[in-house]
Amino acid sequence: MEYIVCLHHNYNKYDSYYKNIDNSNYYIFPQNSSSDAARDLLYKDQQIAMERRATKELELLNKENTVKLKELLAPKIKMPLQKTRSGAGFGSAAKEKIPTNNPKKRAMAAEQAKIVHRDGVLRINNALSPGLTDQFRSYVLEQQQLANIETSKDPHLSKSFYGVENQRKNRCDLQLSLLRGGYAADRNRPSGDECEDSTHNDHDHTLADALQELLGEDGTLRFLYEHLVTMDGEFYELASVITDPGSIRQQIHPDLPYRDTAPLYVIFLALQDVDEHMGPTTFLLKTHSAKENAIFHSGDVVLKDEQLAKANSRLATLKKGDAALFDARILHCGNANDATKGSTRALFNFSFRNPKVTGDLGYEGSIRPGYCGAMTLRDVSDALVAYENGDKDPFEKYADGLL
């Protein structure tokens with residue numbers, strides 16, 4: 001996901017990893033800080049250093065593209081001919097299509113996966129329908145309001161709602177609940193038709209509706225994820241990344257330490273049009289390789305700056321409902337959401353882990369802790385089949401994700 005620095009009381013080794021790759025620009029807050037004032041001062045110093053380096057990186061990326069970065073576009077994919085086999089009928093000339101579910105979509109997914117493997121990122125237009133995208137955005141912002149209300153009452157509840165502490169100015173990643181009713185259904189949850197939040201009717205489950213369009217049996221991303229991680233891929237992240245005007249530009253980063261095999265495939269889906277003033281994500285194409293990773297983590301500032309200056313970068317100015325699917329090893333960053341020309345940018349963010357990669361990834365995904373390791377793509381699919389067949393709360397057995 002877009003990298004967000006954690007405060008000392010939410011420290012983990014992922015922060016340490018980023019400190020090590022550029023310790024002149026990152027400060028890790030001490031876990032035993034005795035003063036909120038000292039912590040806040042360190043935080044401000046960190047933000048200044050990060051912003052200074054991020055500005056330098058933007059200058060380097062624009063060195064070869066003096067006007068502006070090129071837009072990340074959805075590729076025009078030439079579909080391969082469908083395979084056929086000889087079958088019964090009028091002699092050997094008779095043909096029969098190989099029996100598969102949605103062979104055209106599966107063939108398209110195979111071609112899309114080739115692009116992800118080659119470039120590290122793929123744009124998919126119209127992944128989510130416009131009407132549902134609007135509904136989902138409203139739902140996410142309502143959830144953010146509920147989270148703000150609860151955390152204003154008790155700041156210690158922050159970890160129940162946010163992937164990091166809610167103290168990064170104008171930016172948060174909001175961990176979503178899979179229950180119908182969302183946060184309104186957290187804890188002491190009524191059963192059946194009694195469960196209803198104040199903004200949606202009894203039959204609404206906006207998150208399930210969105211997942212159905214994306215990952216259901218005929219979903220727009222279903223076959224691509226099957227191709228990338230199989231049905232055994234772990235559901236690793238489930239959140240919304242939200243930035244408001246005034247959010248600063250991030251430093252360029254991968255999401256996790258390098259592995260030879262892609263560990264994680266991530267989705268950023270735009271819940272509104274994202275223009276250049278709203279902090280769209282910049283991706284550096286083909287930087288998910290061992291060679292590019294070695295340069296980026298070499299500790300040689302000159303070599304690293306040369307890498308950025310020569311990078312083939314793309315700006316993900318997505319339209320409402322469009323998605324960018326990326327290999328978590330690729331170098332990328334969120335840009336600044338302009339204080340005057342920008343507006344709230346909300347992205348639906350989820351990912352699936354490659355089951356071929358075992359052990360600690362060195363990156364804790366943005367997902368409620370009770371959902372960690374609880375579901376695979378197959379489990380999500382089964383729940384969505386149940387939802388299609390009339391189950392109003394198909395993820396109920398996974399509860400609210402809180403521990």
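Residues numbered from 1 in each chain as written. Predicted model: local features only at pLDDT ≥ 70, side-chain atom pairs only at ≥ 80, totals over all residues. Heavy atoms only, no water.

A. Molecular detail of the sheet that holds strand S4 (residues 121-124). Spatial strand order, S4-S10-S7-S12-S6-S5: six strands in an open sheet with antiparallel pairing. The outermost strands of the open sheet, each flanked by one partner alone, are S4 and strand S5 (171-175). The mean angle between the axes of side-by-side strands here comes to 20 degrees, regardless of whether they run parallel or antiparallel. Across five bridges, strand S7 (residues 264-270) lies against strand S10 (residues 323-327) in antiparallel orientation. Counted as the bridge partner of Tyr 265 is Asp 327 from S10. Strands in contact with helix H4 (residues 130-153) are S5, strand S6 (234-243), S7 and strand S12 (345-353); relative to S5, the strand with the most contacts, it is inclined by about 100 degrees. (Pairing = 2+ DSSP bridges. Helix = DSSP H or I, 4+ residues; strand = E, 2+ residues; numbered from the N terminus. Axes fitted to C-alpha atoms, helices over the stretch in contact; angles between N-to-C directions. Contact = heavy atoms within 4.5 Å.)

B. Layout of the nonpolar core. Within the largest apolar cluster, 55 residues are counted, with the highest numbers of intra-cluster contacts made by Phe 136, Leu 215, Tyr 225, Phe 348 and Phe 350. In contact with Tyr 225, not counting residues within four places along its chain, are Leu 215, Thr 230, Tyr 265, Val 266, Ile 267, Leu 325, Phe 350, Ser 351, Phe 352 and Leu 377. Counting residues in hydrophobic clusters, the runner-up holds 23 residues, among them Val 121, Leu 264, Val 274 and Ala 324. (Core = buried A, V, L, I, M, F, W, Y, C linked by side-chain atoms within 4.5 Å. Buried < 20%, exposed > 50% of the residue type's maximum accessible area, 1.4 Å probe, protein only.)

C. Highlighting the environment of Val 116. Inspection of the secondary structure assignment puts Val 116 in helix H3 (residues 103-119). Separated by 211 residues in sequence, Val 116 and Asp 327 place their C-alpha atoms 7.1 Å apart. Apart from the residues within four sequence positions on either side, Val 116 is in contact with Val 121, Leu 122, Tyr 265, His 288 and Leu 325.

D. Examining the pairing of S7 more closely. Of all seven residues in S7, seven are buried; the element is thus mostly enclosed. Alternating residues of S7 divide into Leu 264, Val 266, Phe 268 and Ala 270 and Tyr 265, Ile 267 and Leu 269, and every residue in both groups is buried. Pairing between S7 and S12: seven bridges, direction antiparallel. Paired with Ala 270 across the two strands is Leu 347, which belongs to S12.

E. Up close: unusual backbone geometry. If you check the backbone angles, Lys 286 has positive phi at about 65 degrees while not being a glycine. As for its placement among the helices and strands, Lys 286 is situated in the loop between strand S8 (281-284) and helix H8 (290-296). A positive phi is found at Ala 399, a non-glycine position, where the angle reads about 60 degrees. With respect to the helices, strands and loops of the structure, Ala 399 is situated in the segment after helix H10 (377-388). Since its relative accessible area comes to 34%, Ala 399 is described here as partly exposed.

F. Structural context of the pairing of S4. Neither face of S4 is exposed, since Val 121 and Arg 123 on one face and Leu 122 and Ile 124 on the opposite face are all buried. Pairing of S4 with S10, which is carried by four bridges, proceeds in the antiparallel orientation. Across the sheet, Leu 122 pairs through a bridge with Leu 325, a residue of S10.

G. Molecular detail of the pattern of salt bridges. Under the defined criterion, the tally for this structure stands at 15 salt bridges. For Asp 186, the salt bridge identified is with Arg 368, shortest N-O distance 2.9 Å. One end of the pair, Asp 186, is in the loop between S5 and helix H6 (206-215); the other, Arg 368, is in the loop between S12 and H10, and 182 residues separate them in sequence. No difference in accessibility class separates Asp 186 from Arg 368, as the two residues are buried. When salt bridges with common partners are traced through the structure, they connect Arg 53, Glu 57, Arg 249 and Asp 305 into a single cluster. (Salt bridge = Lys/Arg side-chain N within 4 Å of Asp/Glu carboxyl O.)

H. Structural view of the packing of H4 against H6. The geometry of H4 relative to H6 is characterised by a closest axis approach of 9 Å and an angle of 140 degrees between their N-to-C directions. When the axis of H4 is compared with that of H6, the two are oblique. Once H4 is placed against H6, the crossing between them reads as left-handed. Contacts between H4 and H6 involve Leu 132, Gln 135, Phe 136 and Tyr 139 from the first element and Thr 206, Leu 207, Asp 209, Ala 210 and Glu 213 from the second. Looking at the contact of H4 with H6 residue by residue, the classes come out as five nonpolar, two polar and two charged. (Parallel < 35°, antiparallel > 145°, perpendicular 65-115°, else oblique. Left-handed = near helix turned anticlockwise from the far one by under 90°. Nonpolar A, V, L, I, M, F, W, Y, C, P; charged D, E, K, R; others polar.)

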